[in-house]
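Here are the chains, one letter per residue:
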Amino acid sequence: MYVISILQMFSVGPAFKGIKMIPPGIHFVYYSSSSRDGKEFSPIIGFFVDAGPSEVIVRKWYQQEERLVQVSEEEEASYAQAVRSLEFDKQLGPYTLSQYGEWKRLSSYITKSCIECIEPIGGEITVTAESGMTKNTPKTAMEKDLDEQLKTSRFSMPVDKPQRKGCYYTSVPRVIKRKGIQGQELTSLNLDKTQLLESLITKDYGGSEDSLLGELQFAFIAFLMGQSLEAFLQWKSLVSLFFGCTEAPFHTRSQLFTKGANICANLFLKVIYYQLKYGLQKDCSGTDTGASALLDDSWLYTDSFLHHLCKDFFALVQEASVVDGDLLSWTRKLKELLENSLGWEFQQSSTVDGIHFEENDEYAPVVEMLEE
């Protein structure tokens, strides 16, 4: 069995009993079983945990279903006591602290309440529970390729397994529709997502920008490490929302894009920068897990949604008359990361040249024709 935990992977045998020395806080544990030759793997299953100081979290391997299951309170207490008595110490793999900083940058806004609001019933995130869940969702060519990859025999849903509910993500409208508004005003609302961003923060996140960023990080981790297509689509929706704002970065939500009340706050541009920096790394282990999900050839295409969004956003910042120093600095860092990692170019003559509408979009620009 392969146990991939918190940016660290363990290929384990029958003597393996778990991982020790895990820092307190939020972590994501994901795993899959493999064939004896290590060439075939079962679907990845992942779950978030909030580890308290000196807490022992117990899961038991259920061979018949090849998954980790929770145990009774009595059994958990017995195992926890054995761990504290060092009975299993030689069979526990140590957490590598050198990778903790990278994990913190990827999960800095995920809280226990964030997990409880979003995680599926039972807490397990797996693509096998998502069959048909995103069937009617419009997808780009890149997403269709990703969908097919996740539907191979390795990830297919057994016919005798009941369908389970996925994560409870916030609904992000792709198109703004309002009664009594049409024509040029409706066009403006859809070209600038600032009002949609404001509405979501107020109504769905209780005014908390941190909660919005927490969901962005939750979705990214569930996609990249848990191989969840549902999580990818949510991450894409949130990234599209942020990059689709032309007013918010400079005026109404400038702190959300660059800095908050706390000097060390890692807000949107930092969050997306560290996500892509990690996601575009080469997977040194040589296995088809973790960061390798972002290294599919489809991510290199210049017609990918991310390329279009970044191209428009970079031009917006470049052509703005007044730009916050942090906003400009992190925009440049993100641009350099994508240019160096993917070989993308972002030259264009104006922001209007870069306006992008995806295939299957319900919305298209409104053009008013005036009679002479």
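Counting starts from 1 at the beginning of each chain's written sequence and moves along it residue by residue. Owing to the predicted nature of the model, reporting of local features is limited to residues with pLDDT of at least 70; listing and counting of side-chain atom pairs is limited to 80 or more, with chain, interface and lining totals taken over all residues. To get the side-chain values, take all heavy atoms of the structure and skip hydrogens and water.

Under an unreviewed UniProt entry, the name given to the chain is AAR2 protein family, and the organism recorded is Melia azedarach.

**Student:** Help me understand the overall build of the chain, please; the structure alone is not making it clear to me.
**Tutor:** Numbering of helices and strands runs from the N terminus, with a helix taken as a DSSP run of H or I at least four residues long and a strand as a DSSP run of E at least two residues long. Of the regular secondary structure elements, the chain holds 12 helices and 8 strands. Under the scheme applied here, a residue whose accessible area is under 20% of the maximum for its type counts as buried, over 50% as exposed, and between as partly exposed, the area being computed with a 1.4 Å probe on protein chains only. Within the chain, buried positions represent 47% of all 372 residues. Residue contacts are defined here by distance: any two heavy atoms, one from each residue, within 4.5 Å place the two residues in contact. Counting only contacts in the chain whose residues sit at least 6 apart along the sequence, the fraction spanning at least 24 positions is 72%. For the accessible areas, the method is Shrake-Rupley and the probe is 1.4 Å, while residue cover comes only from the protein chains on display. Surface summary for the chain: the accessible area is close to 19,600 Å², and the carbon and sulfur share equals 49%.

**Student:** What is the right way to look at the pattern of salt bridges in this model?
**Tutor:** Note on pairing: side chains with opposite charge can pair once their charged atoms come close. Here a salt bridge means any side-chain nitrogen of Lys or Arg lying within 4 Å of a carboxyl oxygen belonging to Asp or Glu. Scanning the model with the defined rule gives 5 salt bridges in all. The partner of K20 in a salt bridge is D89, with the nearest N and O atoms 3.4 Å apart. Remark: D89 occurs in the loop between helix 1 (73-84) and strand 8 (92-94) and K20 occurs in strand 3 (residues 18-20); sequence separation between them is 69 residues. E65 is the salt-bridge partner of R67, the closest N and O atoms lying 3.1 Å from each other. R67 sits in the partly exposed class, given a relative accessible area of 22%. Salt bridges here are not isolated pairs; linked through shared partners, they connect E65, R67 and E124.

**Student:** Just to check I follow, could you spell out the nonpolar core for this structure?
**Tutor:** Nonpolar side chains in soluble globular proteins tend to be buried together. Only buried residues count toward a nonpolar core. Its members are Ala, Val, Leu, Ile, Met, Phe, Trp, Tyr and Cys residues joined through side-chain atoms within 4.5 Å. In this structure, L197, W235 and L338 are the most contacted members of the largest nonpolar core, which totals 73 residues. Every residue in contact with L338, bar those within four places of it in the chain, is listed here: L276, L280, C310, F314, G343, W344 and F346. Membership of the second largest hydrophobic core comes to 6 residues, among which are V29, Y31, I45 and F47.

**Student:** Please explain the packing of helix 11 (residues 305-319) against helix 12 (residues 325-342) as it appears in this structure.
**Tutor:** Helix-helix packing is characterised by the crossing angle of the two axes and by the distance between the axes. Fitted lines through C-alpha atoms serve as axes, helices being fitted only where they are in contact, and the angles separating the N-to-C directions of these axes extend from 0 to 180 degrees. In the contact formed by helix 11 and helix 12, the axes pass within 11 Å of each other and the chain directions differ by 145 degrees. Between helix 11 and helix 12 lies a crossing of left-handed hand. Contacts between helix 11 and helix 12 involve C310, F313, F314 and V317 from the first element and L327, L328, T331, L334, K335 and L338 from the second. Two helices that cross are described as forming a left-handed crossing if the nearer one is turned anticlockwise from the farther one by less than a right angle, and a right-handed crossing if clockwise.

**Student:** What should I look at first to understand the packing of aromatic side chains in this one?
**Tutor:** Ring pairs (aromatic) are described by centroid distance and by the angle formed between their planes. Here is the rule: rings of Phe, Tyr and Trp (six-membered ring for Trp) pair when centre to centre is within 6.5 Å. Planes less than 30 degrees apart are stacked, more than 60 are edge-to-face, and the remainder are tilted. On inspection of all chains with the given rule, the structure shows 20 aromatic pairs. With a centroid separation of 6.1 Å and 80 degrees between ring planes, the pair formed by F232 and F305 is classed as edge-to-face. Remark: F305 occurs in helix 11 and F232 occurs in helix 8 (residues 229-243); sequence separation between them is 73 residues. Both residues of the pair, F232 and F305, belong to the buried class. Every member of this aromatic cluster is reached through a ring pair, and the members are F28, Y30, F48, Y169 and F218. Of note, R105 hangs over the ring of Y274, and the distance from its end group to the ring centre comes to 5.1 Å. Think of it as a cone above the ring: NZ of Lys or CZ of Arg counts as a charge over the ring if it is within 6 Å of the ring centre and within 35 degrees of the ring normal. Above the ring of Y273, the side-chain terminus of K333 is found at 4.9 Å from the ring centroid.

**Student:** Can you help me understand the pairing of strand 5 (residues 45-51) in this one?
**Tutor:** Burial analysis of strand 5 places 6 of its 7 residues in the buried class, the great majority of the element. Pairing of strand 4 (residues 25-32) with strand 5, which is carried by 7 bridges, proceeds in the antiparallel orientation. Residue pairing across strands places Y30 opposite G46, the latter belonging to strand 5. The pairing criterion for strands is at least two bridges between them, as found by DSSP.

**Student:** Can you help me understand the environment of L191 in this one?
**Tutor:** Tracing the sequence through the fold places L191 in helix 5 (residues 183-191). According to the relative accessible area criterion, L191 is partly exposed, its value standing at 37%.

**Student:** What is the right way to read the side chain of K20 from this model?
**Tutor:** Reaching out from K20, the side chain makes a polar contact with the side chain of D89 at a distance of 3.4 Å. Discounting residues that sit within four places of it in the chain, K20 has contacts with D89, L92, G93, P94 and Y95. In the analysis that follows, any N or O atom pair within 3.5 Å is treated as a polar contact, provided that within protein one partner can donate a hydrogen and the other can accept it, and provided that, for residues neighboring in sequence, both atoms belong to side chains.

**Student:** When you look at the packing of helix 8 against helix 11 in this model, what are you seeing that I'm missing?
**Tutor:** Axis separation between helix 8 and helix 11 bottoms out at 10 Å; the angle between their running directions is 15 degrees. Comparing the axis directions of helix 8 and helix 11 gives the class roughly parallel. Of the two possible hands of crossing, helix 8 and helix 11 adopt the one that is left-handed. Every residue of helix 11 that contacts helix 8 at F232, W235, K236, V239, S240 and F243 is listed here: F305, L306, L309, C310 and F313. Each residue is assigned to one class: nonpolar for Ala, Val, Leu, Ile, Met, Phe, Trp, Tyr, Cys and Pro, charged for Asp, Glu, Lys and Arg, and polar for all the others, Gly among them. Here the contact of helix 8 with helix 11 is built from residues that sort into 9 nonpolar, 1 polar and 1 charged. For classification purposes, an angle smaller than 35 degrees is called roughly parallel, one larger than 145 roughly antiparallel, one from 65 to 115 roughly perpendicular, and anything else oblique.

**Student:** What should I look at first to understand helix 6 (residues 194-203) in this one?
**Tutor:** At 3.6 residues per turn, the α-helix brings residues three or four places apart onto the same side. Inspection of helix 6 places T194, L196, L197, L200 and I201 among the buried residues, and these make up the whole buried set. All buried residues of helix 6 lie within an arc of 160 degrees about the axis, which places them on one face of the element. The exposed set on the far side of helix 6, more than 90 degrees from its buried face, consists of T202 and K203. When we speak of the arc, we mean the arc of directions from the helix axis to the C-beta atoms.

**Student:** Which parts of the structure should I look at to understand helix 8?
**Tutor:** Between its first and last C-alpha, helix 8 extends 21 Å over 15 residues, near the 21 Å set by a 1.5 Å rise per residue. In terms of residue burial, helix 8 counts as a mostly covered element, since 14 of its 15 residues are buried. The opening residue of helix 8 is S228, an N-cap whose side-chain oxygen sits 3.5 Å from the backbone nitrogen of E230. By definition here, a helix of n residues has an expected span of 1.5 Å times n minus one.

**Student:** Before we go on, may I ask you to explain unusual backbone geometry in this structure?
**Tutor:** Excluding glycine, residues mostly have negative phi values, and the peptide bonds linking residues are mostly trans. At S54, a residue that is not glycine, the phi angle is positive and equals roughly 65 degrees. Structurally, S54 is set in the loop between strand 5 and strand 6 (60-62). For L86, which is not glycine, the phi torsion reads 65 degrees and is therefore positive. Turning to its location among the elements, L86 is positioned in the loop between helix 1 and strand 8. For L86, a relative accessible area of 58% corresponds to the exposed category.

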